[in-house]
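Residue-level structure breakdown
Listed below are the residues making up each chain.
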Amino acid sequence: MRCAVLGDPIAHSLSPVLHRAAYAALGLDWTYEAIRVPAGGLADFLSSLDDADGWRGLSLTMPLKREVLDLVAARSPRVDLAHAANTVVFGSGGSGASLDNTDLPGAAAAVRERFSGDVERVTILGAGATASSVGLAMCDLGAREIRLLARSPERAATTAAAIAAHASAPTVTVGALGHDARHDADNAGHDTGEVLVSTIPVAAQTPDLVRRAVTDSAVPVVFEVLYDPWPTPLAEAAEAGGRVLVSGLDLLVHQAALQVELFTGGTAALEVMREAGAAALASRA
């Protein structure tokens, strides 16, 4: 059987390492590769797939998590809730494709693995598809106040609406995370509550933002969804300050394990996957 991760950029992805380790642990001779598919190219890629080639599943990363919604009708409730999908499962015998979102339960599991305390207020840096899924996951853990800080607040409407639609009816606000992050980082540093989530690239993690969001704040938990490069400036500040740090590798392992189970029907070897991912990251250092 064949599986793959799609996105752009994609060369850095650890998903092939994790999935291959999981398939080997299950005794499956399956393949999993990374394929670059840029924005606007997903429809052509999906139409090019041949049932005879044994395709079983796809993992989707940016910028495809929302693009796929117009291409595949069958989906789990999590996809409609997050307005994003990171998983395509192909049925046996050409029975069609369906979408799922393992980022949402994966993010909740990643936080709970590291932190057992209450989650009531959350600030999320960034407002894309990943922010949507992680925000909803934090609501599942009890968050009632979610603040999104976005470089383009006007583009945060989809994510804000998705999180606000959670059954717990959280309060969702949006602020600007501009090139001069001083004012917004001040807000992030003082309004983080129990968890600060970062979905922004390293280039946006300015010294001012890092200092005010983590170093000068009292936030006990920092959830950095990136895993490469590692550590990010926010992750370094969290570790230096003795905060609970939930890493991008934690998220990747948990969401990938759920994908493996959707694709194979077996139980994923979580620690085998984590060890393979950690070794691959160490080899890049």
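It should be noted that the structure appears before, not after, this text.
What comes next is a walk through the structure. (Residues numbered from 1 in each chain as written. Predicted model: local features only at pLDDT ≥ 70, side-chain atom pairs only at ≥ 80, totals over all residues. Heavy atoms only, no water.)

1. Focus on the packing of helix 8 (residues 207-215) against helix 9 (residues 233-240)
- At a closest axis distance of 10 Å, the pairing of helix 8 and helix 9 adopts a crossing angle of 35°. In this structure, the crossing between helix 8 and helix 9 has a hand that is right-handed. When helix 8 is examined against helix 9, the residues Leu209, Val210, Ala213, Val214 and Thr215 are found in contact with a partner set consisting of Pro233, Leu234, Ala237 and Ala238.
- Partitioned by chemical class, the residues of the contact of helix 8 with helix 9 number 8 nonpolar, 1 polar and no charged. (Axes fitted to C-alpha atoms, helices over the stretch in contact; angles between N-to-C directions. Helix = DSSP H or I, 4+ residues; strand = E, 2+ residues; numbered from the N terminus. Left-handed = near helix turned anticlockwise from the far one by under 90°. Contact = heavy atoms within 4.5 Å. Nonpolar A, V, L, I, M, F, W, Y, C, P; charged D, E, K, R; others polar.)

2. Quick look at the packing of aromatic side chains
- Counting across every chain of the model gives 3 aromatic pairs.
- Considering the side-chain rings of Tyr23 and Tyr32, the 6.4 Å spacing of their centres and the 55° angle between planes classify their relative orientation as tilted.
- The exposure class assigned to Tyr23 is buried, which follows from its relative accessible area of 1%.
- For Tyr32, a relative accessible area of 2% puts it in the buried group.
- Centroid distance Phe45 to Trp55: 6.3 Å. Interplanar angle 80°. Geometry classified as edge-to-face. Remark: Trp55 occurs in strand 3 (residues 55-60) and Phe45 occurs in helix 2 (residues 42-48); sequence separation between them is 10 residues.
- One aromatic cluster is present, built from ring pairs that chain together Tyr23, Trp30 and Tyr32. (Phe/Tyr/Trp six-rings, centres within 6.5 Å; stacked < 30°, edge-to-face > 60°. Buried < 20%, exposed > 50% of the residue type's maximum accessible area, 1.4 Å probe, protein only.)

3. Regarding the layout of surface pockets
- Volume-wise, the largest pocket comes out at about 1,200 Å³.
- Looking at the largest pocket, it is lined by 39 residues, and the ones nearest its centre are Thr61, Met62, Thr130, Thr199 and Leu226.
- Within the residue set of the lining of the largest pocket, elements represented by two or more residues are strand 3, helix 5 (129-140) and helix 10 (248-264).
- If one sorts the elements of the lining of the largest pocket by residue count, helix 10 sits on top with 5 residues.
- For the lining of the largest pocket, the per-class residue count stands at 17 nonpolar, 15 polar and 7 charged. (1 Å grid on protein atoms, 1.4 Å probe; cavity = no way out; pocket = protein on both sides within 12 Å on 5 of 7 lines; lining within 4 Å. Points joined across faces, edges and corners; volume = space filled by probe spheres on them.)

4. Quick notes on the nonpolar core
- Counting residues in hydrophobic clusters, the biggest one holds 34 residues, and the most contacted among them are Val122, Ile124, Met138, Ile146, Val195, Val197 and Phe223.
- Counting residues per element, this core draws most heavily on helix 5, at 7 residues.
- Apart from residues no more than four positions distant in its own chain, Met138 is found in contact with Ala107, Val111, Val119, Val122, Ala143, Ile146 and Val195. (Core = buried A, V, L, I, M, F, W, Y, C linked by side-chain atoms within 4.5 Å.)

5. Looking at helix 11 (residues 270-284)
- Spanning 15 residues, helix 11 covers 22 Å between terminal C-alpha atoms, matching the ideal 21 Å at 1.5 Å per step.
- Restricting attention to buried positions, one finds in helix 11 the residues Met273, Arg274, Gly277, Ala280 and Leu281. Down the axis of helix 11, the smallest arc covering the buried residues is 130°, so these residues share one side. Of the exposed residues in helix 11, those oriented more than 90 degrees away from the buried face are Glu275, Ala282 and Ser283.
- The inward-facing, buried residues of helix 11 abut helix 1 (15-25), helix 4 (103-114) and helix 10. (Expected span 1.5 Å × (residues − 1). Arc of directions from axis to C-beta.)

6. Observations concerning the sheet that holds strand 3
- Spatial ordering of the open sheet is given by 2-1-3-4-5, a layout of 5 strands whose pairing is mixed. Each edge of the sheet is formed by a strand with only one pairing partner; in this case those strands are strand 2 (31-36) and strand 5 (97-100). Strand after strand, the sheet turns through a mean of 20° between neighbouring axes, direction not considered.
- In this sheet, strand 3 lies alongside strand 1 (residues 2-7) in parallel orientation, the contact comprising 5 bridges. Within strand 3, the residue paired with Cys3 across the bridge is Gly57.
- Sheet contacts for helix 1: strand 1, strand 2 and strand 3; angle to strand 2, the most-contacted strand, approximately 165°. (Pairing = 2+ DSSP bridges.)

7. Some remarks on the side chain of Ser15
- Tracing the backbone through its elements, the reader meets Ser15 in helix 1.
- In this structure, Ser15 is in contact with Val5, Tyr32 and Leu252, ignoring residues within four places of it in sequence.

8. Digging into the pattern of salt bridges
- Under the counting rule described, the total for this entry stands at 13 salt bridges.
- Arg36 is the salt-bridge partner of Asp8, the closest N and O atoms lying 3.1 Å from each other. Residue Asp8 is found in the loop between strand 1 and helix 1, and its partner Arg36 is found in strand 2; the two are separated by 28 residues along the sequence.
- Relative accessible area serves as the criterion here: at 54%, Arg36 is assigned to the exposed category.
- A salt bridge links Lys65 to Asp103; the nearest nitrogen and oxygen atoms lie 2.7 Å apart. (Salt bridge = Lys/Arg side-chain N within 4 Å of Asp/Glu carboxyl O.)

9. Description of the environment of Val272
- When you line up the elements, Val272 lands in helix 11.
- Residue classification places Val272 among the partly exposed residues on the basis of a relative accessible area of 38%.
- Sequence separation between Val272 and Thr123 is 149 residues, and the spatial gap between their C-alpha atoms is 32 Å.

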